[in-house]
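# Remarks on the overall topology
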Amino acid sequence: EADIYQTPRYLVIGTGKKITLECSQTMGHDKMYWYQQDPGMELHLIHYSYGVNSTEKGDLSSESTVSRIRTEHFPLTLESARPSHTSQYLCASNQDRAVQETQYFGPGTRLLVL
Amino acid sequence: KNQVEQSPQSLIILEGKNCTLQCNYTVSPFSNLRWYKQDTGRGPVSLTIMTFSENTKSNGRYTATLDADTKQSSLHITASQLSDSASYICVVSDRGSTLGRLYFGRGTQLTVWP
């Protein structure tokens with residue numbers, strides 16, 4: 001069982017609200033990621049971080065922002081939620097010391113914007 | 001274009017039966033191929049990781065094969081159980097960047113009936 005946590009697990013919110021999705025890991029991993037996944041579709045990388053104070057945009061354009069002030073914490077923020085943001089958001093991490101090292105995923109946050 | 005294609009899209013089998021899931025990829029260069037299991041509403045969990053030189057790898061009742069020449073992989077599940085019902089995702093990593101980018105398939109949705 002991976003020590004990576006996401007809160008909230010489910011969130012229903014109105015259009016225009018600001019939201020922050022929390023992700024934390026206790027494995028001391030340097031690399032952390034945020035993915036967006038729609039039902040029946042592949043995961044898309046929206047943000048990643050190599051370590052503290054390092055953040056980069058992923059492949060899928062996203063209106064969200066991230067921060068990495070502490071190694072264990074990688075929150076994702078939407079300043080103004082819209083119905084198009086409705087999706088599942090998955091956080092992941094790994095240390096990447098070896099080619100075969102796996103990514104560990106959190107349980108995900110299911111977001112519904114009304 | 002780097003892609004990962006999985007088949008079938010969905011599969012229903014009876015408990016105790018075996019099944020094989022397919023993954024074809026066009027990712028180049030190639031670093032490793034991973035199979036993940038994703039239960040409904042949860043994050044993916046790693047089953048196997050194989051590098052270029054590995055042809056097969058087992059994890060309990062799960063056996064993955066890799067043919068790097070034809071760029072094909074399969075995941076064989078033996079003596080299926082109800083708990084095997086999940087989405088199985090094939091993920092291919094390239095070595096073309098320091099990120100070691102991951103390419104995700106859309107998954108095969110497996111349902112095991114009693």
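Since the model is a prediction, treat every value here as computed from it, not as a measurement.

## A word on the overall build of chain B
- Regarding its fold elements, chain B presents zero helices and eleven strands.
- Against the 2.2 N^0.38 benchmark of 13 Å for 114 residues, chain B shows a C-alpha radius of gyration of 14 Å, consistent with a compact globule.
- Dimensions of chain B, computed from the C-alpha atoms along their principal axes, are close to 45 × 30 × 20 Å.
- Per-residue burial for chain B yields a buried fraction of 48% across its 114 residues.
- Contacts in chain B between residues far apart in sequence, at least 24 positions, make up 55% of those at least 6 positions apart.
- Per element, the accessible surface of chain B, about 5,400 Å² overall, is 49% carbon and sulfur.
- Taking the 11 positively charged and 8 negatively charged side chains of chain B as two groups, their mean positions are separated by 5 Å.

## Brief notes about the sheet that holds strand 1 (residues 4-7) of chain B
Residues and elements named next belong to chain B.
- The five strands lie next to each other as 1-3-8-7-6, forming an open sheet whose pairing is antiparallel. Since the sheet does not close on itself, it has two edges, and those belong to strand 1 and strand 6 (56-59), each with one partner. When strand polarity is set aside, the average angle formed by the axes of neighbouring strands in this sheet is 15°.
- Here six bridges tie strand 7 (residues 62-67) to strand 8 (residues 72-77), and the two strands are oriented antiparallel to one another. Within the sheet, the bridge partner assigned to A64 lies in strand 8 and is L75.

Cut-off values and rules
- Residues numbered from 1 in each chain as written.
- Chains lettered and ligands numbered in written order.
- Predicted model: local features only at pLDDT ≥ 70, side-chain atom pairs only at ≥ 80, totals over all residues.
- Heavy atoms only, no water.
- Helix = DSSP H or I, 4+ residues; strand = E, 2+ residues; numbered from the N terminus.
- Rg over C-alpha atoms; globule rule 2.2 N^0.38 Å.
- Buried < 20%, exposed > 50% of the residue type's maximum accessible area, 1.4 Å probe, protein only.
- Contact = heavy atoms within 4.5 Å.
- Areas by Shrake-Rupley, 256 points an atom, 1.4 Å probe, with all protein chains shown as cover.
- Lys, Arg positive; Asp, Glu negative; His and termini not counted.
- Charge placed at Lys NZ, Arg CZ, Asp CG, Glu CD.
- Pairing = 2+ DSSP bridges.
- Axes fitted to C-alpha atoms, helices over the stretch in contact; angles between N-to-C directions.

Read these as geometric descriptors, not functional statements.
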